[in-house]
Every structure is written in C-alpha cells, then in structure tokens.
Amino acid sequence: MSMRPVNIRFCGFGGQGIVLSAIIMGTAAVTRRNLYAVQTQSYGSEARGGQCQAELIISSQPINSPISERKDIIVALSQMALDRYLPSLREGGTLIYDTKLETNLHATSAATIPVPATETAISLGNQIAANMVVLGFLQESTQLITREDLVQVVRETVPAKFLELNLKAVEAGRQLAQGVKLEV
Amino acid sequence: MKKFLSGDEAIARGAFEYGATFAAAYPGTPSTEIIENILPYKEIYAEWSPNEKVALEVAIGASLAGARSLVAMKHVGVNVAADPLFTAAYTGVNGGLVIVSADEPSLHSSQNEQDNRNFAPFAKIPMLEPSDSQEAKDLVGEAFRISEEYDTPVLLRITTRIAHAKGLVECYERQEVEVKEYKKNAAKYCMVPANARKRRVFVEERTRLLSEFSETFLYNRIEWGDKSIGIITSGISYQYAREVFGAKASYLKLTMTWPLPEKLMREFAEGVEKLYVVEELDPFLENQVKAMGIPVIGKELLPNMFEFTPELLRQKFFGVDPASNPVTEVEIPPRPPVLCAGCPHRPVFYILKKHRVPVMGDIGCYGLGLQPPLEAVDTTVCMGASVGMTHGFQKASAWNGVPRKVVGVIGDSTFFHGGMTGVADMVFNNGSGVIVVLDNRTTAMTGHQPHPGTGITGKGEVTDEIKIEDVVRALGVRDVQIVDSYDLQAVDQAVRHALDFDGPSVVICRRACALLKGLPDLGKAVINQEQCTRCHACLRTGCPALVSHPDKSVTIDTNACNGCFVCGQVCPVGAIEKVGGGERG
C-alpha cells in the first residue's frame, strides 16, 4: 500500500483523551498496518482542563519531522482548540468538530464535518468516551486502519473497567461515518 | 516486534534490551518517562533518588559493582550532578554507565534553556545524539558498548522533541549481560591527586581513541544528495533539515557528536559547494567546524535559541514567510497556566500575599504562585534555592540596616532535593528566615512520583517515611509548625507567628495534591445566588473552577471543583455552601 503522508491534529481540553487518541491511531498504523507514524504534542505546565493538542502523521514511507505545518484533518473537541488550531488546516483539508461545541467555524472555506461525539458518548453512559467516537469515525471514514486494528489497540490500551464503554463508542463512531469518505 | 514509542519509552526499552540491571533518576521534564518506563521491568532495579547528584552517584556505585547502569535527568539536573560527573570521567566504569541528558529547547517546562552538548567536551566524555525513537533505543546499546570498551561514562543527549515524540521502534528480546566482577583498584577509582594526575593523561588518550572510533561509527554517516548544499546536523534538527531539503541537499548526519569525526567532516565539506550547520541552541558543531578552518554558515542564519521547526528553516533559508492561512485567520487571547482547582498551594499564597513580605520561590507547580491574582512569589531560580535565598535576603537586609522578615516557599520533593542544606545554613549562621514547606505529599509537577517523604518507593515497595518536621528539628530549627493548607485561618496564624519569631522558623503546610488518586471526596462548593453580593472576593483566590459572568454573577463549575472550600472561607457573607462529601480529612 502506497500513500502520501496524512497529517492529523487532535485538539481539545486536557482530559478529553486527545493525546491518547493520536497514540491509539498511531499504534494501530505502526503495529498492525506496517505503516510508519510519528506523533508529538504540545504540553507544558498545562493543568487538567487546559488546552491540549496532538499531532499524528501516518505514511507508507519513513517520516522525518514529527512536526508539520499544515494538517489534512483537524479533529476539534473544544471551541477554544478549534479557534486556535483551525489556521493550521491546509487548503482542501477537513475539519471534524464535536457538535457539543458552541460551534463558531470562523466562516472557514474548508470542508467541515460535524460529529456528535460527546452527545453520543453521553448516551452510552459517559462523556469521557467522546474521543473513542471520534476514533471510530476516523477509522471508518479514512480506512487508514481497519476496524479490527482499532478495536485490538483499544483493547490493549484502555483500562478494563472502561473497555466495554470505549468499544461501544468506537462502534457508534463508525456508524456515524457510514457513507462518509475522507480522501487520504 | 514493532512498537510505537516515544524517545523516553525507547530509551527505557533500550535499557531493558541491552542488559541494564540498574537505573536511577530524579524526575524532570522531559526525562521523567525514562525511569517511569524502566520501573515496571522486573529485570532492572530502578529508583527515584532525592536529586540528580545522588542519582548519578548511585549509578556510579552500581557501575563499579559491575552492573550496566543508566541514569536520566533533565538538562538542569546535569548541573546538579556535574560534580560526580566530572570525576567519574576520570575513574571510568566497570559495568557500562550511560547518563541521559534531556534538554529542553524553548523551555516548555524549565527555568532556563541550556545546551548540554557542552558538557561532553567539558567533562571529556563521549556523547551520542539520537534523531528518532528507533535510534534512541539502539544508541542505549551502543552507549553501553562504548562505555565498557573505552572505560568511560557516556552522555546520551536528547531534546524534548526526541523525548516526547512517538515513532516506530523495532524491538527485540533482552540480552542478558553478565554483571562484571568488582576488583579493588585504588589507582583507577580513588581520585586523590597522585592517582588523578595519571587518570588525567588516560582521559586525553581515551578521547584520541574515541575520535578514531567516531570516524567509523556507523551512525555518523554522509547521505549524498544534491551537492550544491551540504548540511551538517544532528538530533531532531536532522529530521527538520531532511523534511525541508529532501534530496536537494547532502547531509552529514552526526550521531556521535563528541568527539567529532574530523576526517569525515572534512570529506563532506570538500564534497559540497556551500556548507551549513543546522543545530538548535548553541553553535556547538559550527564552532568545531570553524576551528577546523572550514568555512560554514550556521548561527548567522539560524537562531541560537528555542526549538526549530521545518517552517522556521523554510523561512530562514528561502525567506518564505510563515504562510498566513488561506483557510481561516483567528485571533485568540493567551491563556496562561494556573494552579489547579483545589490546589493546596492556593490558600498558602493567598495568605502570604496578605502579609506583604518578600517570598523566595522554588521549582515546582508553586512557581505558578507568581500569576495574578495571587502574585505571591518574588523569585524562582533553581531546585532548593528558596531556602538559601531566604537566608541571604534576610541576612543582607539586617546587615545593611533594613531588618525585615523574608519567606521561602518550597515543595516537599524539592525540600529533599535541595532544601535541607539551606536549612542547616540558616540554623548554623543564626538566620531568621521563615521557610514554608508546601507539602502536597508527592512530586506533583512531573506527575506524582514518590519521594523520601511519601513512604513508598518507585517500585511500589513500602518504606520508612522521612518526616520533614523531624528533619528540620534535627537540623536545629526550634520553631516548627504543621498546619492544614486548606485551613486559611490556621495558615494565617502560623505565618503570623513565624514572622514574629526571632530565629529560623518552619511552617509545614500539609495537604495532598488535589489530583492525587484515592483522596476522600470533599464534596463541591456551590454559590447561593440569593446571598451572593457579587463582591468577587472569591475570585481573588484565582481558582479556575470559579466562573465570572458578564452580569457580575459568579458560579462554580462543579466538574472542576475539588471541594477545597477555600472560596467559602474568603466569602464575607457566607454565600458559598459545601454540598456532599465527607468530613474534611
């Protein structure tokens, strides 16, 4: 499989599982798809509830810099993060945002996809699984990794007591992506 | 087996695969995750030491005992450990000894920015620099090999982007390495002048041999591309250069960056038309190239501070402005970090501000005590500095005829790291400073590592808890008070008493970090809107759980509130109630 590098940025509040989402997707790409991936993040003395973002690049070729200027896909789980990181979306890129946001899209000309991630997670029992809804959505809409890859890495990563919730959230996210195809 | 690992995780994996049986560290960003990921290996003894100097000393001891040993620290930690480092360079090793220095260009979580590559020539030890997670793991093996073959500690130098970025790492089984036999050898290990003079000569000869090794070291390599531009680079800068220039330049990727492969560098320089050095921070490689008499462009083009990015290189090399985004432009206000909701440091700073005394700060979350509205901290220098500075500030003031009280604030882990000797000094020299120990029962800033006062080791074993009150009493402090940080009145009274006391005084403000796991549920604070006069006294605590609305009303975000009830204690009309939770433990 040959593909050009796909640059994804996950952003939101600390505690929303932003970094974990990037790590799960990257782990699936590297350990199960024979792809290359690099992941980095901003951090610092940002407390819980602070801003958080994680960058992930997936490619069929070795990757140099873990930092890239323009993203193909931005996943925003908070308005503040959307405000801050939307400028890093490349022309022709896609913004995936949680419908729970106040949703000021700043009249962007980019393709925008609303995903009711938090709402869906709440209906499944806990809003902390919103990131898993997004991961399910990304898996299905990009096919960068398979459903089995994602489920397997989620199984290996999340604590046992949240596993069932997280797997349901992944499935729900996949359902939300039915018919959505993101070119990568 | 492929894994998706950060540089720190890869170094931990390297310690495992290449037969280390010993590791030590004091936590510090961005190095903390190295030992955190070594601790679970049952094959490796690992510990959190009280500071980096001790960590290196125990690793030197372990190396002497024949164990492959790894010690990890952040860049400023190497300053603390410099004393043993410079003489371990003379004694050499028995089991391999690797010192990881995790530098932090851009000071994401540090008090300064320093380029620890300078330590390699300064201490006269070899240095390796990985460019990604795979190399980070592989180079642990190379470093152990070099250490044992050349009888030297080896510096493995990484930066934040290597430490914390994840990438593909091919992993293997552990190679068991036999622990070497210890033989008493005073001429080698006992650095008194007569022996050290001989080892001094050995060190120079070792550096000469390592220079030869560096010429053929496989990780130092030329990657020929377009020869009109040649780039000498190392570490993460190599990745950025490749990203920007691709095949339109040739590269000399240096991995052993001390001692340098002079012949290889000359060969590369002769093969290209225009030579550049791309390196973050100091002109470390550039100065060496220039000392060889080779013309090169480095810091005249690229900054000597802060992290690079591919974007920055494009801008500097091609004059491309950081493209304004064609899709959207957004202005956003900056949001500085604040103490967490329920942080036990907040009430102490709230009281200290009221007393209007100079407050010498220290390294930890409580550095945030400088932010408005608390603005309680006057200075922050380095681990443990608050105690010595308090003594010096107080003494100099009194000596020069402006007697005044001075307060130093220091965390529990920082107290064990570098505060104890300062207290001894204050007692010894008849000081009269007030030391407030912000005892939140953990090393909070770096993610809750245990320390000598927690009663538990890094491996999770129960151990004797060293009590700070016992330590300061043993050091001769007669006025020692212990209060609950959450009890504003008690903190106020204790501080007032300490300020009035003639002589050294210690106030231990004790309350666990609100983010520690397993704490009792303290309930939530709720504002009774009918009673609230909208005076905003509560907002002066600076708690992020308090939400101020345009109509001047204030509410409390119950998701963020940790139930410390400090806001309730400052409310002049008693409009804040506690809902739920048990008794305050």
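Treat the numbers as computed from the prediction; the structure is a model and nothing was measured.

Rules and cut-offs
- Residues numbered from 1 in each chain as written.
- Chains lettered and ligands numbered in written order.
- Predicted model: local features only at pLDDT ≥ 70, side-chain atom pairs only at ≥ 80, totals over all residues.
- Heavy atoms only, no water.
- Helix = DSSP H or I, 4+ residues; strand = E, 2+ residues; numbered from the N terminus.
- Rg over C-alpha atoms; globule rule 2.2 N^0.38 Å.
- Areas by Shrake-Rupley, 256 points an atom, 1.4 Å probe, with all protein chains shown as cover.
- Lys, Arg positive; Asp, Glu negative; His and termini not counted.
- Charge placed at Lys NZ, Arg CZ, Asp CG, Glu CD.
- Contact = heavy atoms within 4.5 Å.
- Buried area = accessible area lost by both parts, 1.4 Å probe.
- Salt bridge = Lys/Arg side-chain N within 4 Å of Asp/Glu carboxyl O.
- Polar contact = N/O pair within 3.5 Å; in protein donor to acceptor, adjacent residues only side chain to side chain.
- Nonpolar A, V, L, I, M, F, W, Y, C, P; charged D, E, K, R; others polar.
- Axes fitted to C-alpha atoms, helices over the stretch in contact; angles between N-to-C directions.
- Parallel < 35°, antiparallel > 145°, perpendicular 65-115°, else oblique.
- Left-handed = near helix turned anticlockwise from the far one by under 90°.
- Pairing = 2+ DSSP bridges.
- Disulfide = S-S within 2.5 Å.
- Buried < 20%, exposed > 50% of the residue type's maximum accessible area, 1.4 Å probe, protein only.
- Domains from an automatic or database assignment.
- Phe/Tyr/Trp six-rings, centres within 6.5 Å; stacked < 30°, edge-to-face > 60°.

### Things to note about the overall build of chain A
Turning to step 1, where the next piece is worked out: What chain A contains, in helices and strands, is 6 helices and 6 strands.
Turning to step 2, where the next piece is worked out: In terms of C-alpha radius of gyration, chain A reaches 15 Å, essentially the compact-globule figure of 16 Å for 184 residues.
Turning to step 3, where the next piece is worked out: Referenced to the eigenvectors of the C-alpha coordinate spread, the extents of chain A come out at roughly 40 × 40 × 35 Å.
Turning to step 4, where the next piece is worked out: Here chain A has roughly 7,200 Å² of accessible surface; of this, 49% comes from carbon and sulfur atoms.
Turning to step 5, where the next piece is worked out: Placing the 16 positive and 16 negative side-chain charges of chain A at their respective mean positions leaves the two points 4 Å apart.

### A short note on the interface of chain A and chain B
Turning to step 1, where the next piece is worked out: Taken together, the contact between chain A and chain B spans 41 residues of the former and 39 residues of the latter.
Turning to step 2, where the next piece is worked out: Summed over both partners, the interface of chain A with chain B buries about 3,300 Å², with 58% contributed by carbon and sulfur atoms.
Turning to step 3, where the next piece is worked out: Our enumeration of links across chain A and chain B arrives at 1 salt bridge.
Turning to step 4, where the next piece is worked out: Here glutamate 69 of chain A and arginine 314 of chain B are joined by a salt bridge, their closest N and O atoms 2.2 Å apart.
Turning to step 5, where the next piece is worked out: Applying the counting criterion to the chain A and chain B interface returns 8 residue pairs in polar contact (both at pLDDT 80 or more).
Turning to step 6, where the next piece is worked out: Of all elements in the fold, only helix H1 (18–32), strand E2 (36–42), strand E3 (51–59), helix H2 (79–85) and strand E5 (89–98) of chain A reach the threshold of two or more residues within the side of chain A that touches chain B.
Turning to step 7, where the next piece is worked out: Among the residues forming the side of chain A that touches chain B, the class breakdown is 18 nonpolar, 16 polar and 7 charged.

### Focus: the packing of helix H4 (residues 130–142) of chain A against helix H6 (residues 160–176) of chain A
All names here are of chain A.
Turning to step 1, where the next piece is worked out: Closest axis-to-axis distance for the H4/H6 pair is 6 Å, and the angle between their directions is 45°. The angle between H4 and H6 falls in the class oblique. In the crossing of H4 with H6, the sense of the turn from one axis to the other is right-handed. Contact residues: Met132, Val133, Gly136, Phe137, Gln139 and Glu140 in H4; Asn166, Ala169, Val170, Gly173, Arg174 and Leu176 in H6.
Turning to step 2, where the next piece is worked out: For the contact of H4 with H6, a count of residues per class yields 6 nonpolar, 4 polar and 2 charged.

### Considering the sheet that holds strand E17 (residues 479–484) of chain B
One key point about sheets: their strands pair by backbone hydrogen bonds, in either a parallel or an antiparallel sense.
Residue and element names in this part refer to chain B.
Turning to step 1, where the next piece is worked out: The 5 strands lie next to each other as E14-E15-E16-E18-E17, forming an open sheet whose pairing is parallel. The two strands at the open ends of the sheet, each matched to only one other strand, are strand E14 (359–360) and E17.
Turning to step 2, where the next piece is worked out: Sitting on the sheet, helix H16 (residues 385–399) touches E14, strand E15 (407–411) and strand E16 (434–439), and the angle it makes with E15 is about 175°.
Turning to step 3, where the next piece is worked out: Packing of helix H17 (residues 412–428) onto the sheet brings it into contact with E15 and E16, and relative to E15 it is tilted by some 145°.

### A word on the sheet that holds strand E8 (residues 166–170) of chain B
Turning to step 1, where the next piece is worked out: Spatially, E6(A)-E5(A)-E4(A)-E1(A)-E3(A)-E2(A)-E8(B)-E1(B) is the arrangement adopted by the 8 strands of the open sheet, whose pairing is mixed. At either margin of the open sheet sits one strand with a lone partner, and together these are strand E6 (111–115) of chain A together with strand E1 (2–6) of chain B. Recorded for the sheet is a direction-independent mean angle of 25° between the axes of neighbouring strands.
Turning to step 2, where the next piece is worked out: Across 5 bridges, the pairing between E1 of chain B and E8 of chain B is antiparallel. Bridged to lysine 3 of chain B within E8 of chain B is valine 169 of chain B.
Turning to step 3, where the next piece is worked out: The sheet strands contacting H1 of chain A are strand E1 (6–13), E2 and E3 of chain A together with E1 and E8 of chain B, and the helix crosses E3 of chain A at an angle near 10°.
Turning to step 4, where the next piece is worked out: In the packing of helix H1 (residues 7–17) of chain B onto the sheet, contacts are made with E1 and E8 of chain B, and the angle to E1 of chain B comes to roughly 120°.

### Description of the state of the cysteines
Turning to step 1, where the next piece is worked out: This model, assessed by the stated rule, comprises 0 disulfides over all chains.
Turning to step 2, where the next piece is worked out: Summary of cysteine pairing: cysteine 343 of chain B is not part of a disulfide, and the nearest cysteine sulfur, belonging to cysteine 340 of chain B, is at 6.3 Å.

### Quick look at the pairing of E5 of chain A
All names here are of chain A.
Turning to step 1, where the next piece is worked out: Of all 10 residues in E5, 7 are buried, a share of seventy percent or more.
Turning to step 2, where the next piece is worked out: Alignment of strand E4 (residues 71–76) against E5, held across 5 bridges, turns out to be parallel. Within E5, the position partnered with valine 75 by the bridge is isoleucine 96.
Turning to step 3, where the next piece is worked out: For E5 and E6, the ladder comprises 5 bridges, and the chain directions are parallel. Among the inter-strand pairings, leucine 95 is bridged to a residue of E6, identified as threonine 112.

### Thoughts on the environment of proline 452 of chain B
Residue and element names in this part refer to chain B.
Turning to step 1, where the next piece is worked out: Position of proline 452 among the secondary structure elements: in the loop between E16 and helix H18 (468–474).
Turning to step 2, where the next piece is worked out: The exposure class of proline 452 is partly exposed, given its relative accessible area of 24%.
Turning to step 3, where the next piece is worked out: With residues up to four places along the chain from it excluded, the contact list for proline 452 reads Pro50, Phe416, Asp464, Glu465 and Ile466.

### Re the domain arrangement of chain B
Turning to step 1, where the next piece is worked out: Taken domain by domain, chain B consists of domain 1 (2–216), domain 2 (221–324), domain 3 (345–510) and domain 4 (524–579).
Turning to step 2, where the next piece is worked out: Centre-to-centre separation of domain 2 of chain B and domain 3 of chain B, based on C-alpha positions: 46 Å.

### A word on the packing of aromatic side chains
Residue and element names in this part refer to chain B.
Turning to step 1, where the next piece is worked out: The tally for this structure, following the rule as stated, stands at 16 aromatic pairs over all chains.
Turning to step 2, where the next piece is worked out: A centroid spacing of 6.2 Å and a plane angle of 75° characterise the contact between phenylalanine 86 and phenylalanine 119, whose relative ring orientation is edge-to-face. One end of the pair, phenylalanine 86, is in helix H5 (residues 82–91); the other, phenylalanine 119, is in helix H6 (residues 119–123), and 33 residues separate them in sequence.
Turning to step 3, where the next piece is worked out: On the basis of relative accessible area, phenylalanine 86 is assigned to the partly exposed category, the value being 22%.
Turning to step 4, where the next piece is worked out: Judged by relative accessible area, phenylalanine 119 falls into the buried class, the value being 10%.
Turning to step 5, where the next piece is worked out: Relative to tyrosine 251, the ring of tyrosine 238 lies with its centre 6.4 Å away and its plane at 80°, an arrangement referred to as edge-to-face. Of this pair, tyrosine 238 sits in helix H11 (residues 235–245) while tyrosine 251 is found in strand E11 (residues 250–254), placing the two residues 13 residues apart along the sequence.

### Here we look at the packing of helix H3 (residues 52–64) of chain B against H5 of chain B
Residue and element names in this part refer to chain B.
Turning to step 1, where the next piece is worked out: Here H3 crosses H5 at 30°, and the two axes come no closer than 8 Å. Relative to H5, the element H3 lies roughly parallel. In this structure, H3 contributes Lys53, Leu56, Glu57 and Ile60 to the contact, and H5 contributes Asp83, Pro84, Leu85 and Ala88.
Turning to step 2, where the next piece is worked out: Here the contact of H3 with H5 is composed, by residue class, of 5 nonpolar, no polar and 3 charged.

### Remarks on the pattern of salt bridges
Turning to step 1, where the next piece is worked out: Overall, the coordinates contain 48 salt bridges over all chains when judged by the stated rule.
Turning to step 2, where the next piece is worked out: Between aspartate 149 of chain A and arginine 32 of chain A there is a salt bridge, with its nearest N and O atoms 3.1 Å apart. You can see aspartate 149 of chain A sitting in helix H5 (residues 147–157) and its partner arginine 32 of chain A sitting in helix H1, a full 117 residues away along the chain.
Turning to step 3, where the next piece is worked out: Accessibility expressed as a relative area gives 1% for aspartate 149 of chain A, which makes it buried.
Turning to step 4, where the next piece is worked out: The class of arginine 32 of chain A is partly exposed, set by a relative accessible area of 36%.
Turning to step 5, where the next piece is worked out: Measuring nitrogen to oxygen at the nearest pair gives 3.9 Å for the salt bridge that ties glutamate 149 of chain B to arginine 145 of chain B. With glutamate 149 of chain B and arginine 145 of chain B both in helix H7 (residues 133–150), this residue pair falls 4 residues apart, about one helical turn.

### Quick word on unusual backbone geometry
Turning to step 1, where the next piece is worked out: Note that the residue after tryptophan 258 of chain B, namely proline 259 of chain B, is joined by a cis bond; omega there is -15°.
Turning to step 2, where the next piece is worked out: In this structure, proline 259 of chain B sits in the loop between strand E12 (256–258) and helix H12 (262–271).
Turning to step 3, where the next piece is worked out: Across the junction of proline 372 of chain B and proline 373 of chain B, the peptide omega takes the value 5°, indicating a cis bond.
Turning to step 4, where the next piece is worked out: For proline 373 of chain B, the position within the fold is in the loop between E14 and H16.
Turning to step 5, where the next piece is worked out: Even without being glycine, threonine 103 of chain A reaches a positive phi, approximately 65°.
Turning to step 6, where the next piece is worked out: Mapped onto the secondary structure, threonine 103 of chain A falls in the loop between E5 and E6.
Turning to step 7, where the next piece is worked out: Its identity is not glycine, yet histidine 448 of chain B carries a phi of approximately 70°, on the positive side.
Turning to step 8, where the next piece is worked out: Following the sequence through the fold, histidine 448 of chain B ends up in the loop between E16 and H18.

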